[in-house]
Amino acid sequence: MNSVSISGFVVHKWKYGSEYFLRLAVPRSPALPAKLADEDQDGKVIQRNTDFVSVRLPPTLFGGAPVDFRKSDELEVTGYIQSRDYYENLERFLQRAGKPQLKLDGVDPGELAARRSAVEVVALSVTRIENGRRNVRVMIEEPLVDGAPVKPPN
């Protein structure tokens, strides 16, 4: 069964097409195994006990209303995991890395691409936690597949 429930803090929000996305910082419980160390751009080891996950907020979740979550908001999200593959060309990668002026002899950065994978949580409900209390809950009333309600068999 593909079901996820996470709690974390908003560190970033963006819109792509008609959908909003959140990046959540999810503190790891001390009862769980320690997280493997991360490395920064210079190869320096960084030990964090926080995991980060992207959350997709389908337009149906908010009925087309703007998403008003802010940085540092604490949220509880339930939903499911979705993976997707996409291609990213070197030109786009260099822009995101802050090095758009980098040139390689004989290589067109717009033509050279690599297949990438992303794993995200697709939200079915989102609850804002304020002062330790669940405050605002937004959820999809009926499960949807390709934008259409899923009806149980008779």
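Attention here is on the structure that accompanies the text. This structure is a prediction, so every number in the text was calculated from the model and none was measured.

Points about the pairing of strand S7 (residues 113–130)
At step 1: One ladder, built from 2 bridges, connects strand S5 (residues 50–57) with S7; its direction is parallel. Note that in S7 the partner of Arg-56 across the bridge is Val-122.
At step 2: Of the pairings in the sheet, the one linking strand S6 (residues 74–89) to S7 comprises 16 bridges and is antiparallel in character. Among the inter-strand pairings, Glu-88 is bridged to a residue of S7, identified as Ala-114.

Points about unusual backbone geometry
Among all residues save glycine, negative phi is the norm, and among peptide bonds the norm is trans.
At step 1: The phi angle at Ser-72 is positive, at roughly 80 degrees, despite the residue not being glycine.
At step 2: Considering the arrangement of structural elements, one finds Ser-72 in the loop between helix H1 (59–62) and S6.
At step 3: Among the residues examined, Ser-72 registers a relative accessible area of 55% and is labelled exposed.

Here's the deal with the side chain of Ser-54
At step 1: In this fold, Ser-54 is placed in strand S5.
At step 2: One polar contact links Ser-54 to Arg-23, side chain to side chain, over a distance of 2.8 Å.
At step 3: With residues near it in sequence (within four places) discarded, Ser-54 still touches Trp-14, Leu-22, Arg-23, Glu-120 and Val-121.

Criteria and cut-off values
- Residues numbered from 1 in each chain as written.
- Predicted model: local features only at pLDDT ≥ 70, side-chain atom pairs only at ≥ 80, totals over all residues.
- Heavy atoms only, no water.
- Pairing = 2+ DSSP bridges.
- Helix = DSSP H or I, 4+ residues; strand = E, 2+ residues; numbered from the N terminus.
- Buried < 20%, exposed > 50% of the residue type's maximum accessible area, 1.4 Å probe, protein only.
- Polar contact = N/O pair within 3.5 Å; in protein donor to acceptor, adjacent residues only side chain to side chain.
- Contact = heavy atoms within 4.5 Å.

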